[in-house]
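Working through the structure, step by step
This is what each chain is made of:
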Amino acid sequence: MVIPKEILSDYKELYEKANRLVEEESRNDPPTDPFRSHYKARDVLNDLKKQLDDQLVSVQASEEDGGQDDRCYHSLLAFVCRDLGRIYIYTEEQAEGEKMLNRCLELVTPFKECPEGIIPFIGAINELSIVLASKEEYNKGLEILLEAEKIYEEFKDSGLKALAIQDMFNPPEDGQESPEAGPKELESLYTLVSFYMAQMYGHLGEPEKSAKCCHRTLHRQLESKTYDPIDFALNTATLSQFYIGEKRFEEARHHLAAATLIMAEYEVHMLEPEMSEKQRQDLSETFKHRYADVARCWAKYGLYLMNTSKLRLMRDEDDEDAKNLGIVLRNLRLVEAEQSRFPGLDLTACENRISCEYCLTFDDAKLVFHFVNEWLDIAKDYYKAENEATEYSKIMQDYAEAYEHIAFFEENPENQAKMQKRRAKYLEDLLDLLDPIFYMKICRECWYGAGTAHAAVMDVRLDIIRATSTPAPEDIKKVNQSCMKAIKHFESYVKSYLVKPPSEEWRPNMDVEEQRHMLYAHFHIGRIYYKLISGHPLQQLEHLTSCHTYYKKFDAGCQLHKEAAETLQGEIGVVREMLQLLPLKINTIKARLNKAGLTA
């Protein structure tokens, strides 16, 4: 049957009144009564629901053939139940909200693949998936979303046009074009299906599927021009971090380029003449903040590319099976990369600024190094030490990491040492800035990083000395300075994990990774004491004794923390051999001292 126009007009008036309350008037609700407009809208929709319920009973009683005459009433009632469900959930009445959403599904499930049913059906599923996620029922949420996706695809294949509630309130007259609100709303709903599926897959530990759904969501927003530029850029840059972690640098670069382009286009016209000065300042501040976040994502891209290239060069490249597997994976990723693109954006210029190929030489790495520093400079321009100490610290650590990676590719030993010293300087400047009481985690990272940096300088200096038959006193002095700086930082790191210095007892709540780094720190200190150069037997004895002490602590720690020590078998072998050798060396020096009439 066709609902009389005058009745449809009454229904439309009530529905639009409720919609105005939610979309417009709710913005002015006072903090003391935040749901005032939503409660009013709920009352209006409940009134409309009662009218539709009563009319549906009347229509069904008068129809004997059970045909499609009551479908319009079912559909209108389903739309109202969907909106009531949303409001109940918003006003923190979740049980009543679920009830309304399930009623919506009951009403339209028999004709969910028809123009009148598909929008309330998918809309209710989207809302229910949010409820299920809040209860951590992710499998169930994913299940209903996959059902919504299946129905959407089947409906699209049918060639039919979906009907929104606005289309049902304004049916076309004979000869008029079919409605357009429905198809647009359906596409918007499916974009939300993709977004919610991404969340579900993420919670279920399936990052690859989550990433695919995220990309599809962003792609659809871009195509339909239904995105906020800042949100789009942030979400796209965030997704790039998944691809970086998977070593899929082409996709990561593509997403970061998209984020950068969208923000650049937005910056051109974001300030409008009618804006107040405060609005302009707020908008500019938000833009600068988020552009700094995108800059940090670019920096992470470059750092990970350098690090992955470094690890790749350190591996045995003669493994034929590994090479063949690499070729297969590369071909697969070329296909995946093509599926993870934004065809509507011209990103060539932005992508050409940085390679997505592994660095093989110093010249390759140098380009990436400078690229990283450019983006870190932008990020540092926003995140200041006095206002954002934690974020500022992370940026400084990124600068230090860049120097660590570029030093690997540098072939000149002197330049290697300079780069490692620059790395240490960034970390030491942070340590001067931060109070360990409030920033202990960052300080530990800086102590350990600065220690390894100075140890690297020490190794370079020792190689230079070994290459000469008569090392200069200045060169020996430089080695010892590097040794003492490294020891100082590693000892600070170790002390931070002790229950109460000078007690040697470790904190009881350390995880395996912390235990492993603690063992490494002891190993480093022992090794560095052994490397100290001294011509005086008393100093030699002191250094060897300290080396023996730390190696004993390392060995004891490995026996106590077996899981943490699993990956340290090489170091354990070296230390146990040294623990046999060191007492002999110590006794030899003591004997020389006694012979010379000196006391140890």
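Above: the structure in question.
This section reports on the structure supplied with the text. (Residues numbered from 1 in each chain as written. Predicted model: local features only at pLDDT ≥ 70, side-chain atom pairs only at ≥ 80, totals over all residues. Heavy atoms only, no water.)

**A closer look at the nonpolar core**
Note the threshold: What makes a nonpolar core is a set of buried Ala, Val, Leu, Ile, Met, Phe, Trp, Tyr and Cys residues whose side-chain atoms join them at distances within 4.5 Å. Only protein chains enter the accessibility calculation, which uses a 1.4 Å probe. A residue is then buried if its area is under 20% of the maximum for its type, exposed if over 50%, and partly exposed in between. Strands here mean DSSP runs of E at least two residues long; helices mean DSSP runs of H or I at least four residues long; both are numbered from the N terminus. In what follows, a contact means two residues having at least one pair of non-hydrogen atoms within 4.5 Å.
Counting residues in each nonpolar core, the largest one holds 112 residues, and the members touching the most others are Trp 298, Tyr 301, Val 372, Leu 519, Ile 528, Tyr 551 and Phe 554. If you tally residues by element for this core, the top one is helix H12 (residues 277-314), at 11 residues. Beyond its immediate chain neighbours, meaning those up to four positions away, Tyr 551 contacts Phe 523, Gly 526, Arg 527, Val 575, Met 578, Leu 579 and Leu 582. Counting residues in each nonpolar core, the second largest holds 61 residues, with Leu 84, Cys 104, Ile 118 and Tyr 138 among its members.

**Points about a nonpolar patch on the surface**
So the rule is basically this: Here a patch means residues that are over 30% exposed by relative accessible area and free of salt bridges, tied together within 9 Å if like-charged and within 5 Å if nonpolar (Val, Leu, Ile, Met, Phe, Trp, Tyr). Note on areas: these come from Shrake-Rupley sampling with a 1.4 Å probe, and a residue is covered only by the protein chains present in the view. One side-chain nitrogen of Lys or Arg within 4 Å of one carboxyl oxygen of Asp or Glu is enough to make a salt bridge.
On the surface, a nonpolar cluster with roughly 470 Å² of combined accessible area is contributed by Leu 311, Leu 313, Met 314, Leu 360 and Phe 408. At three residues, H12 tops the list of elements feeding residues into the nonpolar patch. Mapped onto the secondary structure, Phe 408 falls in helix H16 (residues 389-409).

**Here's the deal with a negative patch on the surface**
Our working rule: When charges are counted, Lys and Arg contribute as positive and Asp and Glu as negative, whereas His and the chain ends are disregarded. Throughout, a charge is located at the NZ atom of Lys, the CZ atom of Arg, the CG atom of Asp or the CD atom of Glu.
A grouping of Glu 6, Asp 10, Glu 13 and Glu 16 is seen on the molecular surface, where their side chains present a negatively charged patch. In this structure, Glu 13 sits in helix H1 (residues 5-23).

**So, unusual backbone geometry**
Look at Glu 92: it is not a glycine, yet its phi comes out positive at around 65°. Along the polypeptide, Glu 92 turns up in the loop between helix H3 (71-90) and helix H4 (94-108). Despite not being glycine, Glu 136 has its phi angle at roughly 60°, a positive value. Among the secondary structure elements, Glu 136 is positioned in the loop between helix H5 (118-134) and helix H6 (138-158).

**Details of the packing of aromatic side chains**
Given two aromatic rings, one states the distance between the centres and the angle between the planes to describe the pair. Spelled out, the test is: Two rings belonging to Phe, Tyr or Trp (six-membered ring only in the last case) form a pair when the distance between their centres is within 6.5 Å. Interplanar angles under 30 degrees mark stacking, angles over 60 mark edge-to-face geometry, and anything in between is tilted. To sit over a ring, a charge needs its Lys NZ or Arg CZ within 6 Å of the ring centre and within 35 degrees of the ring normal.
Throughout the structure, instances matching the rule amount to 29 aromatic pairs. A ring pair is formed by Tyr 152 and Tyr 190, whose centres lie 4.0 Å apart and whose planes are at 5°; its orientation type is stacked. Taken together, the residues Tyr 152 in helix H6 and Tyr 190 in helix H8 (residues 181-203) connect sequence positions 38 residues apart. For the ring pair Phe 287 and Tyr 291, a centre distance of 5.8 Å and an interplane angle of 10° mean the geometry is stacked. Of this pair, Phe 287 and Tyr 291 both sit in helix H12, four residues apart, which is roughly one turn of the helix. Members of the aromatic cluster, each reached through a chain of ring pairs, are Phe 249, Tyr 266, Phe 287, Tyr 291, Trp 298, Tyr 301, Tyr 304, Tyr 358, Phe 371 and Trp 375. The lysine or arginine in question, Arg 296, covers the ring of Tyr 383, its NZ or CZ lying 5.2 Å from the ring centre. Directly above the ring of Tyr 550 sits Lys 553, whose terminal nitrogen or CZ lies 4.6 Å from the centroid.

**Looking at a positive patch on the surface**
Together, Lys 418, Lys 421, Lys 478, Lys 485 and Lys 488 line one region of the surface with positive charge. Of all elements in the fold, only helix H17 (413-433) and helix H19 (473-495) reach the threshold of two or more residues within the positive patch. Residue contributions to the positive patch peak at three residues, all from H19. Tracing the chain through its elements places Lys 488 in helix H19. On the basis of relative accessibility, which here comes to 53%, the residue Lys 488 falls in the exposed class.

**Points about H17**
Cut-off, in case you're wondering: Each residue after the first adds 1.5 Å to the expected span of a helix. Polar contacts, as counted here, are pairs of nitrogen or oxygen atoms within 3.5 Å of one another; within protein the pair requires one atom able to donate a hydrogen and one able to accept it, and residues that are adjacent in sequence qualify only if both atoms are side-chain atoms.
Its 21 residues place the ends of H17 31 Å apart at the C-alpha level, agreeing with the 30 Å of an ideal helix rising 1.5 Å per residue. Residues of H17 that are buried: Ala 417, Met 419, Gln 420, Arg 423, Ala 424, Tyr 426, Leu 427, Leu 430 and Leu 431. A side-chain oxygen of the first residue of H17 lies 2.9 Å from the backbone nitrogen of Glu 414; this N-cap is Asn 412.

**Some points on the pattern of salt bridges**
In total, this model carries 39 salt bridges according to the counting rule given. Among the salt bridges present, the one from Lys 425 reaches Asp 429, with a minimum N-O distance of 3.0 Å. Here Asp 429 and Lys 425 lie together in helix H17, a separation of four residues that amounts to about one turn. Given the relative accessible area of 45%, Lys 425 is considered partly exposed. Given the relative accessible area of 38%, Asp 429 is considered partly exposed.

**Re the environment of Arg 103**
Within the secondary structure, Arg 103 sits in helix H4. Distance in space between the C-alpha atoms of Arg 103 and Cys 81 is 6.8 Å, their sequence separation being 22 residues. Not counting residues within four places of it along the chain, the set of residues in contact with Arg 103 comprises Lys 49, Asp 53, Leu 77 and Cys 81.

**Here we look at the side chain of Lys 49**
Following the sequence through the fold, Lys 49 ends up in helix H2 (residues 36-62). Residue Lys 49 is classed as buried on the basis of its relative accessible area, which comes to 16%. Apart from the residues within four sequence positions on either side, Lys 49 is in contact with Leu 77, Val 80, Cys 81, Leu 84, Met 100 and Arg 103.

**A word on the environment of Ile 230**
On the secondary structure map, Ile 230 appears in helix H10 (residues 229-245). Separated by 327 residues in sequence, Ile 230 and Gly 557 place their C-alpha atoms 50 Å apart. Here Ile 230 is in contact with Met 263, Tyr 266, Phe 287 and Arg 290, once residues within four sequence places are set aside.

Function cannot be read off these values alone, since they describe shape.
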